[in-house]
Amino acid sequence: MTKASLPLEGGCQCGKLRYEVSMPPLMIYCCHCTNCQKISGSAFVLSATILEPSFQFTAGDARKTEWISDAGNQRFGYFCGDCGTRIAHGQTPSIGVLSLRAGAFDDRSWVEPSGHIWTKSAQRWIKFDDADILCAEQPTDYTAFVERFKSKGCFED
Ligand SMILES: [Zn+2]
Ligand SMILES: [Zn+2]
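Just so it is clear, the model here is predicted, and its values are computed rather than measured.

A. Region of interest: the coordination of the zinc ion (ligand 1). Donor atoms from the polypeptide that bind the zinc ion (ligand 1) are C12 (SG), C14 (SG), C80 (SG) and C83 (SG), placed at 2.3 to 2.4 Å. On the primary sequence, the residues serving as donors to the zinc ion (ligand 1) are separated as C-x1-C-x65-C-x2-C. Classification of C14 as partly exposed rests on a relative accessible area of 37%.

Put into structure tokens, the structure is as follows:
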């Protein structure tokens, strides 16, 4: 497995909106909820959970949109107003973390999900690995995801 180095850098498709993350993510997972399917126009979203203070935009002006999640929470998303790439999701009031679109990191060689959430609305053709952590809806406890991500050793301790 390739080691990742900090800060993590990423940005939108057109390159105007750029960001940095100063600490390793807590976990990476796939979300198959109906909102993620609609927002991405795809089957699921690859999400990297990071501590909110470790994130900053370094170029461009993010636009913001809000909605109610499948679990009933008030969510917001930052995206590039020019090309539309979704960059980060968060919650109001803040729960201290942001969900980054892991596909928008510049280097994605180390990115691998530890499991899947909202599998009850996953597309029927998705094949899950026996080793993956699976949750039918929103987990109340993400400890298993966090520990599995840490055990992959993507970052130097
Ligand atoms: Zn853009
Ligand atoms: Zn989702």
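B. Structural context of the sheet that holds strand β8 (residues 86-91). Within the open sheet, the 8 strands sit side by side as β6-β7-β8-β9-β4-β3-β10-β11. Their pairing is mixed. In this open sheet, the two strands that pair with only one neighbour each are β6 (62-68) and β11 (133-134). Examined bridge by bridge, strand β7 (residues 74-80) and β8 share 5 bridges and lie antiparallel to one another. Within β8, the residue paired with Y78 across the bridge is A88. Sheet contacts for helix α2 (residues 143-151): β3 (27-31), β10 (115-117) and β11; angle to β3, the most-contacted strand, approximately 125°.

C. Local environment of the pattern of salt bridges. Tallying each qualifying case throughout the model produces 5 salt bridges. Its salt-bridge partner being K120, residue E137 comes within 2.7 Å of it at the nearest N-O pair. In this pair, E137 is assigned in the loop between β11 and α2 and K120 in the loop between β10 and β11, connecting sequence segments 17 residues apart.

D. Representation of unusual backbone geometry in the model. Residue P7 follows L6 across a cis peptide bond; omega there is -5°. For P7, the position within the fold is in the segment before β1 (8-11). In this structure, the amide linkage connecting T92 to the following residue, P93, adopts the cis form with an omega of -5°. Here P93 is to be found in the loop between β8 and β9 (97-101). Positive phi is not limited to glycine here, since W118 has a value of about 55°. Turning to its location among the elements, W118 is positioned in the loop between β10 and β11.

E. Spatial organisation of the packing of aromatic side chains. On inspection of all chains with the given rule, the structure shows 10 aromatic pairs. Each member of the aromatic cluster is reached from another via a ring pair, and the members are Y19, F55, F57, F76, Y78, F105, W110 and F155. The cationic tip of K64 hangs over the ring face of F76; the distance from NZ or CZ to the ring centre is 4.6 Å.

F. Expanded view of the layout of surface pockets. The calculated volume of the largest pocket comes to roughly 510 Å³. Around the largest pocket, the lining comprises 30 residues; the ones closest to its centre are Y29, R75, S99, Q138 and Y142. Taken together, the elements giving at least two residues each to the lining of the largest pocket come down to β3, α1 (34-40), β4 (45-51), β8 and β9. The dominant element in the lining of the largest pocket, judged by the number of residues it contributes, is β9, at 5 residues. Its residues assigned to classes, the lining of the largest pocket comprises 18 nonpolar, 9 polar and 3 charged. Approximately 220 Å³ is the volume attributed to the second largest pocket. Lining the second largest pocket are 11 residues, and of these P24, P25, F149, K150 and F155 sit closest to its centre. Here the lining of the second largest pocket is composed, by residue class, of 7 nonpolar, 1 polar and 3 charged.

G. Summary view of the nonpolar core. F55, L100, F105 and W110 are the most contacted members of the largest nonpolar core, which totals 36 residues. Of all the elements in the fold, those that place two or more residues in this core are β2 (18-21), β3, β4, β7, β8, β9 and α2. A per-element tally of this core places β3 first, with 4 residues. For L100, the residues in contact, after removing those within four places along its chain, are Y19, V21, L46, S47, A48, I50, F55, I87, A88 and F105.

Thresholds applied
- Residues numbered from 1 in each chain as written.
- Chains lettered and ligands numbered in written order.
- Predicted model: local features only at pLDDT ≥ 70, side-chain atom pairs only at ≥ 80, totals over all residues.
- Heavy atoms only, no water.
- Donors = N, O, S within 2.8 Å, 3.2 Å for Na, K, Ca; no water.
- Buried < 20%, exposed > 50% of the residue type's maximum accessible area, 1.4 Å probe, protein only.
- Pairing = 2+ DSSP bridges.
- Helix = DSSP H or I, 4+ residues; strand = E, 2+ residues; numbered from the N terminus.
- Contact = heavy atoms within 4.5 Å.
- Axes fitted to C-alpha atoms, helices over the stretch in contact; angles between N-to-C directions.
- Salt bridge = Lys/Arg side-chain N within 4 Å of Asp/Glu carboxyl O.
- Phe/Tyr/Trp six-rings, centres within 6.5 Å; stacked < 30°, edge-to-face > 60°.
- Lys NZ or Arg CZ within 6 Å of the ring centre and 35° of its normal.
- 1 Å grid on protein atoms, 1.4 Å probe; cavity = no way out; pocket = protein on both sides within 12 Å on 5 of 7 lines; lining within 4 Å.
- Points joined across faces, edges and corners; volume = space filled by probe spheres on them.
- Nonpolar A, V, L, I, M, F, W, Y, C, P; charged D, E, K, R; others polar.
- Core = buried A, V, L, I, M, F, W, Y, C linked by side-chain atoms within 4.5 Å.

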